[in-house]
There are 2 protein chains.
Amino acid sequence: MADHLSSKEHYETLLDKYDTWMFDCDGVLWHGDRPIDGAVEVLDILRKRGKRLLFVTNNASKSRKSYKGKFDQLGVEAKVDEIYGSAYAAAVYISSVMKLPKNKKVYVIGMTGIEEELREEGVSFIGGTDPADNTLEPFSLVNFTLDPDVGAVLCGLDVKINYTKLSKAFQYLTRNPGCQFLVTNDDSTYPSADGLLPGAGSISAPLRFALEKDPISIGKPAKTMLDCIQAKVHFNPERTIMVGDRLNTDILFGQAGGLATLLVLTGISSKEDITGPNASSIVPKYVTQSIGDLRVVRSS
Amino acid sequence: MADHLSSKEHYETLLDKYDTWMFDCDGVLWHGDRPIDGAVEVLDILRKRGKRLLFVTNNASKSRKSYKGKFDQLGVEAKVDEIYGSAYAAAVYISSVMKLPKNKKVYVIGMTGIEEELREEGVSFIGGTDPADNTLEPFSLVNFTLDPDVGAVLCGLDVKINYTKLSKAFQYLTRNPGCQFLVTNDDSTYPSADGLLPGAGSISAPLRFALEKDPISIGKPAKTMLDCIQAKVHFNPERTIMVGDRLNTDILFGQAGGLATLLVLTGISSKEDITGPNASSIVPKYVTQSIGDLRVVRSS
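Residues numbered from 1 in each chain as written. Chains lettered and ligands numbered in written order. Predicted model: local features only at pLDDT ≥ 70, side-chain atom pairs only at ≥ 80, totals over all residues. Heavy atoms only, no water.

Re the domain arrangement of chain A
All names here are of chain A. Applied cut-off: The start and end points of each domain follow an automatic or database-based domain assignment. Only heavy atoms matter for contacts: two residues are in contact if any of them lie within 4.5 Å across the pair. Values labelled buried area give the accessible surface lost by two parts on being combined, using a 1.4 Å probe and summing over both. Any carboxyl oxygen of Asp or Glu that lies within 4 Å of a side-chain nitrogen of Lys or Arg is treated as forming a salt bridge with it. Pairs of N or O atoms within 3.5 Å make up the polar contacts considered here, provided that, within protein, one atom can donate a hydrogen while the other can accept it, and that residues adjacent in sequence are counted only when both atoms are side-chain atoms. Residue polarity follows a fixed list, in which Ala, Val, Leu, Ile, Met, Phe, Trp, Tyr, Cys and Pro are nonpolar, Asp, Glu, Lys and Arg are charged, and the others, Gly among them, are polar.
Each domain of chain A was delimited in the assignment, giving domain 1 (3-58 + 221-297) and domain 2 (100-217). Relative to domain 2, the C-alpha centre of domain 1 lies at a distance of 30 Å. Each side of the interface is counted separately: domain 1 has 11 residues, and domain 2 has nine residues. Summing both partners gives a buried area of about 760 Å² for domain 1 against domain 2, and 44% of it is carried by carbon and sulfur. If you sort the residues of domain 1 by the area they bury against domain 2, Asp26, Asn58 and Arg246 come out on top, with a joint share of 51%. Our count for the domain 1 to domain 2 interface comes out at one salt bridge. Between arginine 246 and aspartate 187 there is a salt bridge whose closest N-O contact spans 3.9 Å. Scanning the region where domain 1 abuts domain 2 turns up three residue pairs in polar contact (both at pLDDT 80 or more). Considered class by class, the residues forming the side of domain 1 that touches domain 2 number two nonpolar, five polar and four charged.

In structure tokens:
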């Protein structure tokens, strides 16, 4: 059973126990363009106490650099190298783990975030924001030339998803031998400021369905994301805590990596998901209503 | 094990045993815009011998009326009331089985075929080919008004699939109590004249993934399609044969309805699918290379 934190002593103990604090962002630090009450203050407290902060997001629509802009805009202090996004992790996976040969390329279903990270890692790509692929004009195989150098399809959230992109990706995955099917993350929904919308997992679902196979998923809860962080940052898992709002991504991710986990109830997962009759089998170590609750330690 | 037909005697026996012949179209009678060699001749033979012909297709991009145009164009004789499409069956399901109240409407992800059939059945709808929903412009919930009268989402093949349509459908399915999730068919791929493309099942996959639930599927292999035919045509299942190219739609459909089944190898399923080491558990009663093989009976 999860520890429900509520008193100043609870939060003080938490601060004593963990040196590295990994945060999911959407639903934990902000909702869309609105910071969650107290979040900025709590991050400030953690920094002042010498904690290492890492921001671990499945959001692949932005590169780390432009995601940093979002932190700035919301008044949340962060450095680019504290930010780990699934687009960045996917680019690192393709260049360093999959070791895609330099003469090969990636077909992208996704937005600028993926493109920027692939470019930074020196990975060639086609598709993505290319106007030729961002169209509702009919797609015909007669006018399509299969590029034999496409060795992977990478799919993330793409709000310009269309039949041309899906059809091209399907051709590469079925006709280019060995072409890998990668997704930045499996999130079924995306928490916009005004409500839930289909997420990256849903965008890749047509390909999963047509291929009858699951892709390699990079973001939380997959271990690939943690491997990517561990390659850059040294931390002791026993003194690290993952703070998130989704049981099946954030909390599962923390558990799989041997980290402590703190569920906040300001996002996707609700109290019923951990205590109700249909409670999830994923149980966080700690639960608190909001990250803002930790402000209470300030008065100490 | 399936009976592999090859001699004139085999085909003569088949003609003697079955009075009603149900045909899938794409991959059986034609490929895209090319009729399959001998198909027209075989249908002609069957008609001359007094067989009842029914064309049972999951294609929902066309209404029966416009599908009849395709038969005409390819020189294949057919009457509108011999044609059963999944768009028609979906419209009948909504009006007669689900009995959607007259003041309610359907949100459509699909093409003109669905719209025409809904209109014929007197079912109100929004979405579909409405230019406002056929856009790659950003979708925001701020500019979206939930129509409380949407009582069902019907999804078929839609080559103008986009994030606006998916997001709106997702809102109706999650926010309108009791809103039904229907799909014309589950076909993962669509056999265009020049190769496979993502099919109707793949178009609805984002919603399945985001909702974590399967829709009510109308087309083959679902029984809904057979119910729809049975409501209009009297036939003896024991003297009826379903001819198709897909084990998991056509052949399964025939079997579920207690019909004999004939697999042709001119479409999706291959000889390996019925005899190889990874053969399907769905075994047709008969197999022949092509519907054109039945021409051999003409010389009798």
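From this point, things continue past the structure.
So, the pairing of strand E12 (residues 195-198) of chain A
All names here are of chain A. Under the convention used in this document: Whether two strands pair comes down to DSSP finding at least two bridges between them. Think of it this way: any DSSP run of H or I at least four residues long counts as a helix, any run of E at least two long counts as a strand, and we number them from the N terminus.
In terms of strand pairing, strand E11 (residues 189-192) meets E12 through four bridges, oriented antiparallel. In the strand pairing of E12, threonine 189 is matched with proline 198. Where E11 hands over to E12, the hairpin turn is made up of two residues, counted between the paired strands.

A word on the packing of aromatic side chains
Residue and element names in this part refer to chain A. Rules: A pair of aromatic rings is counted whenever rings of Phe, Tyr or Trp (Trp by its six-membered ring) have centres within 6.5 Å, and the orientation is called stacked for planes under 30 degrees apart, edge-to-face for over 60 and tilted otherwise. Accessible area is worked out with a 1.4 Å probe on protein chains only. A residue is then buried under 20% of its type maximum, exposed over 50%, and partly exposed in between. Two conditions define a charge sitting above a ring: the NZ of Lys or the CZ of Arg must be within 6 Å of the ring centre, and it must be within 35 degrees of the ring normal.
Under the defined criterion, the tally for this structure stands at 22 aromatic pairs over all chains. Judged by centre distance (5.9 Å) and plane angle (65 degrees), the ring pair of tryptophan 30 and tyrosine 67 falls under edge-to-face. Note that tryptophan 30 is positioned in strand E3 (residues 30-31) and tyrosine 67 in helix H3 (residues 64-74), a separation of 37 residues in sequence. By the burial criterion, tryptophan 30 is buried, and tyrosine 67 matches it. Relative to phenylalanine 71, the ring of tyrosine 67 lies with its centre 5.7 Å away and its plane at 75 degrees, an arrangement referred to as edge-to-face. Of this pair, tyrosine 67 and phenylalanine 71 are both found in helix H3, four residues apart, which corresponds to roughly one turn of the helix. Considered together, tyrosine 67 and phenylalanine 71 belong to a single accessibility category, that of buried residues. The ring of tyrosine 88 has arginine 64 lying over it, and the distance from NZ or CZ to the ring centre is 3.5 Å.

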